[in-house]
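# Fold and geometry: a report
Spelled out, the chains give:
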Amino acid sequence: MAKVNTVLGTIPAEELGIVAVHEHIGYGMPGSELDSTWWKTPEQRYAETVPKLRQFHEYGGGTFVDATGICNGRDVDYYKSLSAKTGVHIVACTGFVGGDTALPHFARASVEYLAEVFIHEITVGIGTTGSKAGVIKVGVSRGGRMTELDKRIYRAAARASVATGVPILTHLAIDPQPAIDIFAEESLPLDRVLFGHADDGLNAENTPSEWIMGQGGRIGFDTFGYETELPDPPFWARPRKERLDHFMSLVEKGHLNQLLVSADANCSPLGWPGVKGHTVNYIFEDLIPDLRGAGLDEAAIKTLFIDNPAGFLSISS
């Protein structure tokens, strides 16, 4: 039976239900807890987060994948309390959003050391929480090209994935050739990798989504809801119809089984104000209606939100 690591334990993949595959309980850059401009008390963060997760559960959401890496505000004991409180399965990650978010201790580390950290967090647990990571996060640093540190992290993640069976989720899918080369050298099948943020307004044109899928990788359209139509859109926003049309073009070309979708929303951002009006519940309130309106039937929607995430998150043997 296929299984997935959640913060409250390892569960059968069939129990995941509808999955938001790339989200954040709270994301911040290293040191954000010292920024008094946007600092929030734990009580304030909790008050912002619980209603969003409860609404997600009431809409039919089953699992929330928290893609917050080491050094970015990951708080697994907090996730455990939220999961118990709301009934939502939460999957935590090991790894880094990008080399530029790794603190010096990790930035100077060898591939071997980084792989050991990732494997320990997957097989033993994260810190003293007893909770095992269910996905490995890696990413392309700012600048649009993989740095040497990024490459070391990708290689360590590939080794950890091969050793444990846990998949890899990437921040950005630009400059994918070095990543794909590393995964091939480490004998990691590309269906264990979700190349994320292929749809955002800043990077979509530079992301060879069809080429990546042709190599066997999965593509994440996981910034749905960051729209230019928002009152104060972020720099990575994109017109709603443009993103939807782009997504549907890939579906129409036969790539449904390699696509995953999410909203990449922060329940309670750390060290920055976040984007008002955008939550994980965009998935139910806007995205699924838009997909139906664009012609997707219920079987295809089940594939996107249940079957594809379950296959991706399942620990492979």
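Look above for the structure.
Attention in this report is confined to the structure presented alongside it. Quick caveat, the model's predicted, so the values are computed rather than measured.

Attention shifts here to the layout of surface pockets. When its volume is computed, the largest pocket comes out at roughly 800 Å³. Within the lining of the largest pocket, the residues separate by chemical class into twelve nonpolar, 15 polar and five charged. In this structure, the second largest pocket encloses a volume near 290 Å³. Looking at the second largest pocket, it is lined by 19 residues, and the ones nearest its centre are Ser32, Glu33, Arg45, Gly73 and Leu270.

We now examine helix α5 (residues 148-164). Across its 17 residues, α5 extends 24 Å between first and last C-alpha, which sits within 8% of the 24 Å expected from 1.5 Å per residue. Every buried residue of α5 is listed here: Leu149, Asp150, Ile153, Tyr154, Ala156, Ala157, Ala158, Ala160, Ser161 and Thr164. Buried-residue contacts for α5 involve α3 (104-107), α4 (111-123), β7 (135-139), β8 (168-171) and α6 (176-185). Looking one or two residues beyond α5, the residue adopting positive phi is Gly165, at roughly 85 degrees.

Another aspect to go through is the sheet that holds strand β4 (residues 61-66). Read from one edge to the other, the open sheet built from three strands follows the order β3-β4-β5, with strand pairing classed as parallel. The open sheet has two free edges, formed respectively by β3 (18-23) and β5 (89-91), since each of these has just one partner strand. Along the sheet, successive strands turn relative to each other by an average axial angle of 20 degrees, direction set aside. The sheet contact formed by β3 and β4 spans four bridges and is parallel. Counterpart to Val19 in the pairing with β4 is Thr63.

Mapping Glu148 onto the fold places it in helix α5. For Glu148 and Gly99, which are 49 residues apart along the polypeptide, the C-alpha to C-alpha distance reads 8.6 Å.

Another aspect to go through is the pairing of strand β1 (residues 3-6). Inspection of the sheet shows β1 paired to strand β2 (residues 9-12) by four bridges, in the antiparallel sense. Residue Val4 lies in a different strand from β2, and its bridge partner there is Ile11. Here β1 hands over to β2 after two residues, the two strands then running antiparallel side by side.

All told, the structure shown has one cavity of 30 Å³ or more when counted by the stated rule. By volume, the largest cavity is sized at about 50 Å³. As for the largest cavity, its lining consists of Phe224, Gly225, Glu227, Arg240, Arg243, Leu244, Tyr282, Leu287 and Asp290. Looking at the lining of the largest cavity, the elements with two or more residues in it are α8 (240-252) and α9 (282-293). In terms of residue class, the lining of the largest cavity is made up of four nonpolar, one polar and four charged.

Calculation notes
Residues numbered from 1 in each chain as written. Predicted model: local features only at pLDDT ≥ 70, side-chain atom pairs only at ≥ 80, totals over all residues. Heavy atoms only, no water. 1 Å grid on protein atoms, 1.4 Å probe; cavity = no way out; pocket = protein on both sides within 12 Å on 5 of 7 lines; lining within 4 Å. Points joined across faces, edges and corners; volume = space filled by probe spheres on them. Nonpolar A, V, L, I, M, F, W, Y, C, P; charged D, E, K, R; others polar. Helix = DSSP H or I, 4+ residues; strand = E, 2+ residues; numbered from the N terminus. Expected span 1.5 Å × (residues − 1). Buried < 20%, exposed > 50% of the residue type's maximum accessible area, 1.4 Å probe, protein only. Contact = heavy atoms within 4.5 Å. Pairing = 2+ DSSP bridges. Axes fitted to C-alpha atoms, helices over the stretch in contact; angles between N-to-C directions.

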